[in-house]
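Descriptive structure summary
Listed below are the residues making up each chain.
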Amino acid sequence: MPLSEKDNFMKVINGETPEWVPRYTFGPDKFSTKEMATASLMVNAIPSTFVPGAATWTDMFGVSYVASAQTSGAALPVPDAHIMEDVRDWHKILTLPDITNVDWDAVCKAAIDMIPGGVGSVATQFGGVGFGGGFFLPLMNMMGFTNGLIAMHEEPEAVHELYNYMADWYVYGIERTIDKLPVDIFTVGDDTAAAFQPFISPKQYHDLVVPYVSRLTKFAQDRNLPVMMHCCGRCEDFIEDWIDFGVTAWNPAQLTNDLDSIKKKYGNSLVLMGCWDSSGEAGYMYASEEVVRQAVRDCIDRFAPGGGFMFLGSVYGPEDDPAVDLKRKWMTEEYEAYRETPYK
């Protein structure tokens, strides 16, 4: 019986060599001829204004977001609309929604009903309860990066109090849902780095962020579930902490990190999902078809040998731009044509 996309995906997650290079995406690809390998499993314990493709929405912290063509539809915090100026006032400003009377059975059933193809058809990624998640980035979104980074440096005790409050809320929802769901992968995410350097020092990350992320990933470690980290930018400084709290896969693993050395050091124990040069020639707005296709082959040739790799290519630009759409088509076609090459 042929191996399914899900099973091949999970072979890599579990440190095995796959039959072909799996692909990780952040959503459906209209150009793909293959079944999806994975899908997120969010349990929305609170009413949310978030609608995929919407121009604006407000998260559970009260932060407002706006999307634009320039961000390819991604929503970013409204500029200068901070909800908090002084982190010491967090308890006066922030009240996370009351979820003590939530019908968790109904919430979990709704999440399960959203799985493409039904239970067992894809690798399900449990991403926690509600919209938001993480610790570092929500603080930056609430305060803005300038005030948020100053708060972490000058008021660490208040930041600890805030993060503990957030972790209590996350944990309350997770412990009431995780065993009611068909979880294959436990996911955490926090964009703690810019393109070329982390936003905070490894010590700040270890002291201020790790204790609270660890409270979440303990649910995975207690259940022998693999943990996937989402973190953009050059964040390799934090990998040792990730390993300590159970991370076995990382997306989008961007090239500003020393990915060759990371792959050599960790092998299949840390799956690199990405490794795509979005800043290279293939990422230019009007890159040629051959440039895009060759970039796909180069990425696979460089990182697939030995396993521990998933292709995660990206094309940025306005959703309604035909040139952007065409690049996505070339990338998907070449991935599907070339994905078995390293393991033949």
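The preceding data block contains the structure.
So, a few notes on the structure that sits alongside this text. (Residues numbered from 1 in each chain as written. Predicted model: local features only at pLDDT ≥ 70, side-chain atom pairs only at ≥ 80, totals over all residues. Heavy atoms only, no water.)

Here we come to helix H11 (residues 322-338). Along an α-helix, a turn takes 3.6 residues, which lines up residues three or four apart on a common side. Given a rise of 1.5 Å per residue, 17 residues ought to cover 24 Å, and the 24 Å separating the end C-alpha atoms of H11 matches this to within 8%. Inspection of H11 places Ala323, Val324, Lys327, Arg328, Trp330, Met331, Thr332, Glu334, Tyr335, Glu336 and Tyr338 among the buried residues, and these make up the whole buried set. At its buried positions, H11 is contacted by helix H10 (289-303) and strand E10 (309-311). The backbone nitrogen of Ala323 has a side-chain oxygen 2.8 Å away, supplied by the residue at the start of H11, namely Asp321. (Helix = DSSP H or I, 4+ residues; strand = E, 2+ residues; numbered from the N terminus. Expected span 1.5 Å × (residues − 1). Buried < 20%, exposed > 50% of the residue type's maximum accessible area, 1.4 Å probe, protein only. Contact = heavy atoms within 4.5 Å. Polar contact = N/O pair within 3.5 Å; in protein donor to acceptor, adjacent residues only side chain to side chain.)

Across the sheet, 3 strands lie side by side as E2-E3-E4; this open sheet has antiparallel pairing. At either margin of the open sheet sits one strand with a lone partner, and together these are strand E2 (56-58) and strand E4 (75-77). When strand polarity is set aside, the average angle formed by the axes of neighbouring strands in this sheet is 30°. Strand direction decides the pairing type here: strand E3 (residues 64-67) and E4, joined by 3 bridges, are antiparallel. Residue pairing across strands places Val66 opposite Leu76, the latter belonging to E4. (Pairing = 2+ DSSP bridges. Axes fitted to C-alpha atoms, helices over the stretch in contact; angles between N-to-C directions.)

Now for the environment of His82. Here His82 lies in the loop between E4 and helix H2 (90-93). Exposure remark for His82: the relative accessible area of 31% places this residue in the partly exposed category. Residues His82 and Gly62, 20 residues apart in the sequence, show an inter-C-alpha distance of 9.5 Å. Each residue touching His82, except ones within four places of it in the same chain, is listed here: Met142, Met143 and Gly144.

Right, let's talk about the packing of aromatic side chains for a bit. One pass over the full model with this rule turns up 19 aromatic pairs. Aromatic pair Trp242 and Trp250: ring centres 5.3 Å apart, planes at 70°, arrangement edge-to-face. Here a set of aromatic residues connected by ring pairs shows up, and it is made of Phe135, Tyr163, Trp169, Tyr170 and Tyr212. Note that Arg176 overlies the ring of Tyr172, its terminal NZ or CZ placed 3.4 Å from the centroid. (Phe/Tyr/Trp six-rings, centres within 6.5 Å; stacked < 30°, edge-to-face > 60°. Lys NZ or Arg CZ within 6 Å of the ring centre and 35° of its normal.)

As for its position among the elements, Arg339 is in the segment after H11. Of the residues examined, Arg339 reaches a relative accessible area of 4% and is grouped as buried. Here the side chain of Arg339 touches Glu5 through a polar contact of 2.9 Å, side chain to side chain. Ignoring sequence-local partners within four residues, the contact set of Arg339 consists of Glu5, Trp20, Val21 and Lys34.

Geometric descriptors of this kind do not, in isolation, establish any biological role.
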